[in-house]
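Fold and geometry: a report
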Amino acid sequence: VEAGEFVYQTEHYEFRCDAKLGASVVREFARLFEATHLVNHELPLNLRPKPESGREKFLALLFKDKQDYLNAGAIPGSAGVYMGGKKCLMVPMESLGVRQVGKRFALDRDSDNTTLIHEITHQMMNHWITKLPTWYVEGSAEYVAAAKYRQGRFAFTRMGDNVVAYLRANKGVWDKKWTMWHVHHLMQIDGEAWSGAIGSDKTVSMRNYASSAILTFYFYHLDDAGDGKNIVNYLKDIEAGTLQRLAAQRHLVRGRSYAAIEKELAQKMRRWGLDLEFTGDAGPESPESAEAADKSADSS
């Protein structure tokens, strides 16, 4: 630990901060981190959150000054960022609702924590990130961020309402009629293209996040029997070493055309007031050609 650095620990987290914080302030924001850990542990996805290799606890670096946070490598405009290479989450204290009042620090209990919850979820999934496609890495984090968090607890009831309300508040989805990416297009976006859009095209970036949230919600709650078993089996297959595209064809697409998936998705999302249109690469028209294309891509 460096000079001038203060260390605070909870059951699963170590917080390092460049300012001394009061016990009550640490206790309150630590509840958010521990609650996000718990909810990612309990979701029926078999994610088994664990600290990065070489760490006993998850690490969060907290910065009193936003500029110091940016100088450490954070993305301008971000409210927190998971740094896989550094094996830590970096957060400016303003994102925790912590503000300096004279020589003391106070906590705003009503601050918006959704972006921070998204980034904490990335850290919980650190051992999955390189194995999963970008749309699901981001969509699963958006899903947790959309849940109702209040005073150390998450509520996952009425998640359709929660997801749509979250998208309208945070992702530019205002009108009833909204354009998301074609499912095939979304599934092909890689991490480089996703990150590039964040700094260069806000419309594309917003559509990326909103589309991933909607598709993740579909596979969790609307697909097949609505029990999420196909996404669970998809994760198990990937963990066993199956390539992403083949696992997706086996458990998510399941012999359907992308157009058929989109038709069902659009029909079911109308229940929550979203009338979906699609743009981008629609992909193969038949399920047979889709599966053949994915096998060819994975073998090349």
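Residues numbered from 1 in each chain as written. Predicted model: local features only at pLDDT ≥ 70, side-chain atom pairs only at ≥ 80, totals over all residues. Heavy atoms only, no water.

**Quick look at the pairing of strand E6 (residues 98-101)**
To be explicit about the condition: If DSSP finds at least two bridges between two strands, the strands pair. Think of it this way: any DSSP run of H or I at least four residues long counts as a helix, any run of E at least two long counts as a strand, and we number them from the N terminus.
By the bridge criterion, four bridges tie E6 to strand E7 (residues 104-107) in an arrangement that is antiparallel. Residue pairing in the sheet places Val101 in a bridge with Arg104 of E7. The antiparallel pairing of E6 with E7 creates a hairpin that spans two residues between the two strands, and Gly102 there sits at a positive phi of about 65°.

**Considering the packing of helix H3 (residues 114-124) against helix H4 (residues 134-146)**
Angle between the axes and distance between the axes are the two parameters that describe a pair of packed helices. The test is simple: Between the N-to-C directions of two axes lies an angle of 0 to 180 degrees, each axis being a line fitted to C-alpha atoms and, for a helix, fitted only over the stretch in contact. Every angle not falling under 35 degrees, over 145, or within 65 to 115 is termed oblique; those three ranges are roughly parallel, roughly antiparallel and roughly perpendicular. Crossings are assigned a handedness: left-handed for a near helix turned anticlockwise from the far helix by less than a right angle, right-handed for a clockwise turn. The contact criterion used throughout is that any non-hydrogen atoms of two residues lie within 4.5 Å. Any residue outside Ala, Val, Leu, Ile, Met, Phe, Trp, Tyr, Cys, Pro, Asp, Glu, Lys and Arg is labelled polar, Gly included; the first ten of those are nonpolar and the last four are charged.
The interhelical angle for the contact between H3 and H4, taken along N-to-C directions, is 130°, at an axis separation of 8 Å. Between H3 and H4, the angle is such that the two are oblique. Between H3 and H4 lies a crossing of right-handed hand. Here Thr114, Ile117, His118, Thr121 and His122 of H3 lie close against H4, whose contacting residues are Val137, Glu138, Ser140, Ala141, Glu142, Val144 and Ala145. A breakdown of the residues in the contact of H3 with H4 according to their chemical character gives five nonpolar, five polar and two charged.

**A few points about unusual backbone geometry**
Phi at Gln151 is positive, roughly 50°, even though this residue is not glycine. As for its placement among the helices and strands, Gln151 is situated in the loop between strand E8 (148-150) and strand E9 (153-155). With phi around 55°, Asp224 is a residue other than glycine that occupies positive phi space. Secondary-structure assignment places Asp224 in the loop between helix H8 (202-222) and helix H9 (229-239).

**Overview of the pattern of salt bridges**
Applicable threshold: For salt bridges, the criterion is a side-chain nitrogen of Lys or Arg within 4 Å of an Asp or Glu carboxyl oxygen.
Counted by the stated rule, this structure contains 14 salt bridges. Note that Lys66 is salt-bridged to Glu94, the shortest N-O span being 3.3 Å. One end of the pair, Lys66, is in helix H2 (residues 66-71); the other, Glu94, is in the loop between strand E5 (88-92) and E6, and 28 residues separate them in sequence. Where Arg250 meets Asp237, a salt bridge forms, and the shortest distance between an N and an O atom there is 2.6 Å.

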